[in-house]
Amino acid sequence: MEARPALSTAKGHRIYVENEIRDFFSLLDVLYANQFEGDNPTLTEQGEKNFYKGAPPNWLNFHINERKASSGIIKRDGFEKLKEEIQDKRKLPAIFTVKLFHQPGSGGTTMAMQMLWDLRKTFRCAVLTNSSSEATKVAQEVVHLFTAGGLGHQNTVLLLIDDEQILDNLQENIMMTVKEQNIVTLMPVAVLLSCVRKDTQLQNENVFLQRKLSENEQQKFNEKKEELSKRYGEKILNGFHGFNIMQTNFSEEYINDACQIIRSCSKAHRPLKAQLAAFLSLLNAYVPGSYLLESQCLDFLQEESCDFADISVEDKMHQFGHLIVTFQEDERTERKVRMAHPLIAKCCTELLATKGVTRSDTARNFLNNYYRYEDHGKFPPCLLRFVKDMLTKREFKTKLDPNSGLEKEKFSKLILDIQQESKVQSASVLKVASNKFPHDPFFPQALARFYYIELKLYNLAEMWAKRAKQRGPQNSFIADTLGQVHKNHLKSTGETSSPRQVLQIGKKAIEAFKHEEQLAEEGHQMDTFGDEAVRFSNHFNCRGRFGFIQVCNLLYDLLMQKNESWKAVLTKKVSLGSVLEELDDNKLHRFNDLVKNLKGNFQKNAEFFAAYLTFSKPSIERDDPQYISEETYECQKKFVGDSPFAEGSLIMPQCMHELQRHLATTFAGVLACMDREYSVDLLKRITECWKKIWSKTQSKSDVANFILAYILSRNLGATFPNSPEALIQSFKQGTPLDHSDPPEQHLLALLLSWPTETQDNGSFDLSQQIQKMGRSYENAYLKYFRSRYLQPLFFIGKGQGLDRLVHRTVLEQLVSDHSHGTDPDCQKKDWRNEYMFTVDNVKERLITFEGVVRNYRVFLPIGSNQIEIEANLQRSLWKPRKVSFFLGFTIRGPVAFHIQTKTLERELRELEG
């Protein structure tokens, strides 16, 4: 039999892999189609015992169980559903994600590995060994595995991933790698099997393994118990905690009985083996999948143990030994030690707390003992990651409303639980960690957050926030904490504080947020601050800008409570110096610059968020929290103030005041009026204001804002006595735009000049203009929107002139009217499934365009030219074919939505040929 490792092909054959292919994979643990075939490996009895005791499975476990005349490793009920879902993804060429959610200790990791083992001859299976790696490098390895063997021998990669955060970036990077290598395929390049631990129950369409067996599963485990009893005997079987916990349907009684030895522990005079059991329990209870290295455990126990050096950790642990399991994942890695099951770890931690050995005691003891080796080169980076997760990782809250947005807990689960003992103890643990790791910024950051959120000790919070900044001086997310400290201090100031005290704290908050904004603009945004590698965030940090807006809001409200004269000062009706006597504090003049610049700086940030929230959103299926736009808009109205002009007048100052009050001073601000669901009358008023302003300034940006407001008003059914047709023609025929002009003007020019079915584009070079718009977008917005989904703004609809320009919200309203508000897809406004384009009302409103997909791009024929445009869904671009679609526009350019195949099968083969 062939000894070389083999990969499966889509046609069911095998190709044998040379060393140069195998050596390419540093991040993927590849499971070959002929794994162990011809090698006749043996699984030691201890290896199988470890698995049933609670060690994670390895490929050899599955191989030996497959060969034995036994029931094998039990497959839980969701296995076949998951398998069918994965196999269904092979029907269309794209990159797909399949999610397996599982409660810790329910067998989720085992099921995921079982799936790869079962499908190794159908897919090319691999496990991502380091989810913190750069997505670009992972994508290169995935594509390399897909193409191994050359054209005609490709096969879909089934990749197991245990980190949700990498999914979106990885899909995008795989797509880009395929494009760059110009790979032709009619099958999926990869199916990403995301194995996600969730401690709370989920109700969704994904497979979710719970710590609860069905009757069918219960029967399987009972039969397996009889088989294991015959092989190992009852005495040994009693120590198979990983198996027994599941076989007893996660019985609390069994878990408590298994952990009885912990009841013998007390806070005083605990032996080292009892302390080690406590360390492992705490770590495994709060960081599932974590472990200690065997060498660390032996070093810790050697001070107490007189046993021979070759005795195992489990033997040295004596009466605690049955609670832990030692395992080795492969020959290249060191042996690892962990508790036999997460529920045992949790139970031990709770029992220790009842004996006076609190979580905070154990955490401090663990930090003080295990990090004494740092200066001697024995400090393992993996343990730092586990400790960071345990003390600083904040889980997302589970919400009943799936559309309410993502919100994190205030602190890690451990810190929240210690807080139930004592808030002071939570701070104490974080302080020990901060001192133990003098270069890490995340522990002092968490400590500063705890001081200002829970203990309201703002001076201490400021001290630790500054220490965190010193350790991560270029990290804008770390810098945010100092601003939050001062902002919350400002919020807590009561009626007894003077205007001077309010301004002193406010000034410190503003300076902190401005520095954070500066760091964000420079691009220094590190997600992690590790010992060797730094992973940069793909998200622009705008917290500093929003923090500034919140401080402005607080300053306005707090100062107004002291004296209503502040209203005129903050709205810049009068200077601060002119009212010092009324304010009864001449020393307030030291804040003159701060107060004088407050309104102008606020306006800049408000205009930033008008563009940020109007042109983009966090992802294709998720919106920004509503409070950002609401708080910005409310604060804007405060700083603009009441109108000093007669109602209904349209003099120039009144127009500017009205536009400022509605935050409609920019192109994006005018567009945002549609998202605020402004009335027809109000939009007409804004249109008239812009018309008046343009008539005085003749500015190109002002005429663009006027034309835009006019288009939006027409979208809502407004009528005007005179059409600005001459002005529109003048705008279209003016000086040609280039990449130095703002993308908003490019957008309007494209919309106004886009040819109808009965005309070509004349002298207006669409391809060139789209390219210029793309460069303009890159100059203006790329660094802000780089990870975000660009929202469609307008679509080309039926009708003549401006009536064919349809704003996105008009389509969303058509869908809502169609479903009468009862369809959940309508409520989500989820552009990922492009649901709205299946609604008859929407289809009747829009023009259907026809084009062609080739080389992972979509082209639209305009006259004799082929115009390349973006696609809303990249998965629509895998097959070369003739297509139809609806044409929308983002701030970057035209986009094809709802791409549908128009080609007959015979024509498709010709295109492929």
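What counts and how
Residues numbered from 1 in each chain as written. Predicted model: local features only at pLDDT ≥ 70, side-chain atom pairs only at ≥ 80, totals over all residues. Heavy atoms only, no water. Pairing = 2+ DSSP bridges. Helix = DSSP H or I, 4+ residues; strand = E, 2+ residues; numbered from the N terminus. Axes fitted to C-alpha atoms, helices over the stretch in contact; angles between N-to-C directions. Contact = heavy atoms within 4.5 Å. Salt bridge = Lys/Arg side-chain N within 4 Å of Asp/Glu carboxyl O. Buried < 20%, exposed > 50% of the residue type's maximum accessible area, 1.4 Å probe, protein only.

Side note on the sheet that holds strand S7 (residues 190-197)
Then comes step 1: Ordered by their spatial adjacency, six strands build an open sheet running S3-S5-S6-S7-S4-S8, and the pairing between neighbours is mixed. Across the chains shown, the open sheet's two edge strands, defined by having one partner strand only, are strand S3 (28-31) and strand S8 (207-209). Direction aside, the axes of adjacent strands within the sheet are offset by 25 degrees on average.
Then comes step 2: Bridging between strand S4 (residues 95-102) and S8 involves three bridges; their strand directions are parallel. Bridging across to S8, Leu100 finds its partner in Val207.
Then comes step 3: Contacting S3, strand S5 (124-128), strand S6 (157-161) and S7, helix H6 (residues 135-147) crosses the sheet at an angle of about 165 degrees to S5.

What about unusual backbone geometry?
If a residue is not glycine, its phi is most likely negative; likewise, a peptide bond is most likely trans.
Then comes step 1: Phi at His318 takes a positive value of approximately 50 degrees, unusual for a residue other than glycine.
Then comes step 2: On the secondary structure map, His318 appears in the loop between helix H13 (313-316) and strand S10 (324-327).
Then comes step 3: The phi torsion at Glu677 lies on the positive side, around 60 degrees, for a residue other than glycine.
Then comes step 4: Relative to the assigned elements, Glu677 resides in the loop between helix H29 (667-675) and helix H30 (680-697).

Focus on the pattern of salt bridges
Then comes step 1: Within this structure, the stated rule accounts for 37 salt bridges.
Then comes step 2: Between Lys466 and Glu462 there is a salt bridge, and its shortest N-O distance comes to 3.1 Å. Residue Lys466 and its partner Glu462 are located together in helix H20 (residues 458-471), separated by four residues, close to a single helical turn.
Then comes step 3: The class of Lys466 is partly exposed, set by a relative accessible area of 39%.
Then comes step 4: A relative accessible area of 13% places Glu462 in the buried class.
Then comes step 5: Glu812 is paired through a salt bridge with Arg808; the nearest N and O atoms lie 3.4 Å apart. Of this pair, Glu812 and Arg808 both sit in helix H36 (residues 808-819), four residues apart, which is roughly one turn of that helix.
Then comes step 6: One salt-bridge network, held together by shared partners, links Glu48, Lys224, Glu227 and Arg231.

What about the side chain of Asn365?
Then comes step 1: Locating Asn365 in the fold gives a position in helix H15 (residues 359-370).
Then comes step 2: For Asn365, a relative accessible area of 18% corresponds to the buried category.
Then comes step 3: With residues up to four places along the chain from it excluded, the contact list for Asn365 reads Arg270, Gln275 and Phe279.

Observations regarding the pairing of strand S11 (residues 336-339)
Then comes step 1: Taken together, the two bridges between strand S9 (residues 292-293) and S11 define a ladder with antiparallel strand orientation. Bridge assignment links Leu293 to a residue of S11, and that residue is Lys336.
Then comes step 2: When S10 meets S11, the two strands line up antiparallel, connected through four bridges. Each residue of the ladder has a partner; that of Ile324, found in S11, is Met339.

Points about the pairing of strand S20 (residues 893-901)
Then comes step 1: Of all nine residues in S20, seven are buried; the element is thus mostly enclosed.
Then comes step 2: Pairing of strand S18 (residues 865-871) with S20 involves two bridges; the strand directions are parallel. For Ala871, the partnering residue across the bridge sits in S20 and is Ala896.
Then comes step 3: Bridge count for strand S19 (residues 881-890) against S20 is seven bridges, and the pairing is antiparallel. If you follow Leu887 over to S20, its bridge partner there is Ala896.
Then comes step 4: Where S19 folds back on S20, the antiparallel hairpin that results is connected by two residues.

Quick notes on the sheet that holds S10
Then comes step 1: The three strands are arranged S9-S11-S10 in an open sheet whose pairing can be described as antiparallel. The outermost strands of the open sheet, each flanked by one partner alone, are S9 and S10.

Nothing here speaks to function; it is geometry throughout.
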